Amino acid sequence: MTHESLDRPQTSDSPSVAERRAAAYRLEETEAVLRKMTNWLRTYWTQPEHWPVYQPGQTGDTYRQIAPEMPTKGQPLDEVFCAFQQTVLPRLLHWNHPGFFGFFPSNTSGPSVAASLLTASLNVNPFSWNAGPGAVELEARVVEWLGAAIGLPWPGCLQDTASSSTLCAVIAARERALARFPEAQEEGLRAAPPLAAYLSEEAHSSVEKALLLAGIGGAYIHKIPTSDHLGIDANALHAAILADHSRGRIPFFVCSSLGTTSSTAFDDVHAVQSAIEQTRPAAKYTHTIWHHVDAALAGSAAILPEQRWMMNGVKEADSFVFNPHKWLFTHFECSALFVRDKETYKAALRSDPAYLQNHTEKSDDDSNGYSPEDYRNWSIQLGRGFRGLKLWFVLSTYGLDGIQKLLRHHLQLTQHLYKLLADDRRFVVLSPPRLNTICIACPKGDHDTRQLYERIIQRKRVYLTPTVIRDRFWIRIAIGQTAVQIEDVESLYSELIDTVTGRSRQEA
Ligand SMILES: *Cc1c(COP(=O)(O)O)cnc(C)c1O
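Residues numbered from 1 in each chain as written. Predicted model: local features only at pLDDT ≥ 70, side-chain atom pairs only at ≥ 80, totals over all residues. Heavy atoms only, no water.

Draft legend 1. Up close: the sheet that holds strand β5 (residues 290-294). Across the sheet, which stays open at both edges, the seven strands sit in the order β1-β7-β6-β5-β4-β2-β3 with mixed pairing between neighbours. Two strands bound the open sheet, and with one partner strand each, they are β1 (156-159) and β3 (221-224). Sheet twist, expressed as the average angle between the axes of neighbouring strands with direction ignored, equals 20°. Taken together, the five bridges between strand β4 (residues 250-257) and β5 define a ladder with parallel strand orientation. In the strand pairing of β5, Phe253 is matched with Trp290. Contacts between helix α7 (residues 162-178) and the sheet are confined to β1, β2 (195-200), β4, β5, β6 (319-322) and β7 (335-339), with β4 contributing the most and set at about 155° to the helix. (Pairing = 2+ DSSP bridges. Helix = DSSP H or I, 4+ residues; strand = E, 2+ residues; numbered from the N terminus. Axes fitted to C-alpha atoms, helices over the stretch in contact; angles between N-to-C directions. Contact = heavy atoms within 4.5 Å.)

Draft legend 2. Molecular detail of the packing of aromatic side chains. The full count for this structure, using the stated rule, is 20 aromatic pairs. Ring geometry for Tyr345 versus Trp378: centroids 5.4 Å apart, planes at 50°, classification tilted. Within this pair, whereas Tyr345 is found in helix α13 (residues 342-349), its partner Trp378 is found in the loop between α13 and α14 (387-422), the two being separated by 33 residues in sequence. By relative accessible area, which is 1% here, Trp378 ends up buried. Through pairs of rings, three or more aromatic residues link up here, namely Tyr54, Trp95, Phe100, Phe103, Phe104 and Tyr463. Its guanidinium or amino end placed over the ring of Phe104, Lys326 lies 4.0 Å from that ring's centre, counting from NZ or CZ. (Phe/Tyr/Trp six-rings, centres within 6.5 Å; stacked < 30°, edge-to-face > 60°. Buried < 20%, exposed > 50% of the residue type's maximum accessible area, 1.4 Å probe, protein only. Lys NZ or Arg CZ within 6 Å of the ring centre and 35° of its normal.)

Draft legend 3. Molecular detail of the layout of surface pockets. Taken as a whole, the largest pocket encloses approximately 1,100 Å³ of empty space. Considering the residues around the largest pocket, the lining is formed by 33 residues, among which Met37, Leu41, Val113, Ser116 and Leu117 are closest to the centre. Looking at the lining of the largest pocket, the element that brings in the most residues is helix α2 (residues 27-46), giving 10 residues. The residue inventory of the lining of the largest pocket, partitioned by class, reads 21 nonpolar, 12 polar and no charged. (1 Å grid on protein atoms, 1.4 Å probe; cavity = no way out; pocket = protein on both sides within 12 Å on 5 of 7 lines; lining within 4 Å. Points joined across faces, edges and corners; volume = space filled by probe spheres on them. Nonpolar A, V, L, I, M, F, W, Y, C, P; charged D, E, K, R; others polar.)

Draft legend 4. Structural detail: the sheet that holds strand β8 (residues 428-429). Sheet architecture is open: four strands sit in the order β8-β9-β11-β10, paired in antiparallel fashion. Edge positions in the sheet fall to β8 and β10 (465-469), since each of these pairs with one other strand and no more. Inspection of the sheet shows strand β9 (residues 437-441) paired to strand β11 (residues 472-478) by four bridges, in the antiparallel sense. Paired with Ile440 across the two strands is Ile475, which belongs to β11. Strand contacts of helix α15 (residues 446-459): β9, β10 and β11, with the helix running at about 35° to β11, the strand carrying the most contacts.

Draft legend 5. The pattern of salt bridges, seen in detail. Counting across every chain of the model gives 20 salt bridges. In this structure, the salt-bridge partner of Glu495 is Arg459, at a minimum N-O distance of 2.8 Å. Residue Glu495 is found in helix α16 (residues 486-501), and its partner Arg459 is found in helix α15; the two are separated by 36 residues along the sequence. Judged by its relative accessible area of 1%, Glu495 is buried. Taking the relative accessible area as the measure of exposure, Arg459 reaches 23% and is therefore partly exposed. Each of Lys342, Glu343, Lys346 and Glu373 takes part in one network of salt bridges that share partners. (Salt bridge = Lys/Arg side-chain N within 4 Å of Asp/Glu carboxyl O.)

Draft legend 6. Seen up close, a nonpolar patch on the surface. A cluster of nonpolar side chains, contributed by Leu34, Met37 and Leu117, occupies part of the molecular surface with about 230 Å² of accessible area. Turning to its location among the elements, Leu117 is positioned in helix α5 (residues 110-122). (Patch = residues over 30% accessible without salt bridge, like charges linked within 9 Å, V, L, I, M, F, W, Y side chains within 5 Å. Areas by Shrake-Rupley, 256 points an atom, 1.4 Å probe, with all protein chains shown as cover.)

Draft legend 7. Region of interest: the site of the ligand. Taken together, 13 residues lie near the ligand, and Ala162, Ser163, Asp294, Asn323 and Lys326 sit nearest. Ala162 has a polar backbone atom sitting 2.8 Å from an oxygen atom of the ligand. Contacts to the ligand include Asp294, whose side-chain N or O atom sits 2.7 Å from a nitrogen atom. Of the residues belonging to the shell around the ligand, the class tally is three nonpolar, eight polar and two charged. (Near = heavy atom within 4 Å. Polar contact = N/O pair within 3.5 Å; in protein donor to acceptor, adjacent residues only side chain to side chain.)

Draft legend 8. Expanded view of the side chain of Arg387. Structurally, the position occupied by Arg387 is in helix α14. An unpaired buried charge is present at Arg387: no salt bridge exists, and Glu333, the closest side chain of opposite charge, is 4.4 Å distant. (Lys, Arg positive; Asp, Glu negative; His and termini not counted.)

Draft legend 9. Highlighting the environment of Asn123. Structurally, the position occupied by Asn123 is in the loop between α5 and α6 (133-150). A sequence separation of 263 residues divides Asn123 from Phe386, and the C-alpha atoms of the two residues are 7.6 Å apart.

Draft legend 10. Fine view of the side chain of His410. Turning to its location among the elements, His410 is positioned in helix α14. According to the relative accessible area criterion, His410 is buried, its value standing at 0%. A distance of 3.0 Å separates the side chain of His410 from the backbone oxygen of Gln481, its partner in a polar contact. With near-sequence residues (within four places) excluded, His410 lies in contact with Trp327, Phe329, Ile479, Gly480, Gln481, Thr482 and Val484.

These values are about where atoms sit, not about what they do.
The structure is reproduced here in structure tokens:
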């Protein structure tokens, strides 16, 4: 580019530098569209009955409606917003819809949305303390708030997902186990005996995936059977660890699940920890077994004193993850990972190239009660979003009381629906819900249940997802959307009855 081609203002009525900046950001049309968006949001959140919870249409509908090439000439933002409403919005699964009871709740809220405007505007990337001291220190504080709220006073950080958090825990566990084999520092896993890991057969798929990603062979990943309540069988776990040990393998990682995805079943973390400890006299290496606790969904409920039972034994474990983006009114992505021994944890994930080091003055002594963290040494990725802000907005505005009230409301709604279903001979209920998930089936078995499921989805009034537990097909109902009301739960029940009896809504 030659000097002359630079767009330098020539006359006094040329755009000012502020005007040129505004133009680069497309600020003016953004302001106008943001006003429209807040109106749109009011309708979207308060009158969602106007559109179906899920209308997938024909595969490729949206793909074909979007031009195959990007526009040469830019379009007005307003037009793109309209196109979004016409071609993308109708074909989304509406996770905040009153008819959504699928997968697990994925909450959001006004304060979370408001914070996202700020984080997107600032676009700060707090991978190290000096990349955004305010962001890093805020993150440290809100993680402390969360820890105190669930009774876990451990250091931690915010990650994107529970999957990443679990992968980090597995890697920390692997490195701690390998530390005893100096050759492995150079040669990697092959210079050590095989590492073995344990999780329940009901554990989330992300745990097995993390182990595979960390180089653990499938043959050494043991899915331990569960007992009647679908929690891990601690005796079977104990036996499996000893069996591996006697074959010269290194047991290195155990995952407890608090709130399985299929049915929100709970492992007894204390019993798991005891099972690990009881292997020690016989098996010399098991003192380095890393015990990770996956409470992705259910962890939020530990904010309620009456649900704190699930945390029994967690302080003896090594790491704990739960997702505020599931059930704590904070939009995706926001996962909180806590670790008991942060130095061991960070040793496995540290990277310190010259170009990332802190040049700013940073006092490492925590005489004022704070020691700065470089969060890049806490996670797989370098760049990371400023997630602390949305969590701060949410926790500050709802407060502990407000959050507890909403969670209790969700649990009461679950109990209400459970009573309706348990008293109804047309359905079988897996078990009384421990938290917010109910699994139902038809009394005659899988064929009927699958048919019921397909019909419900076709009717498009509610959205549910299925699962298989011990070879049986179940329809899951997960309650916990930010705004779910008693009317929504009762109309879900009516919809189930209407579907079972083949009635249309008009006849009913
Ligand atoms: C949802 C869930 C996960 C996965 O969470 P992501 O944040 O999507 O990775 C893992 N474990 C359990 C128990 C879950 O419910």
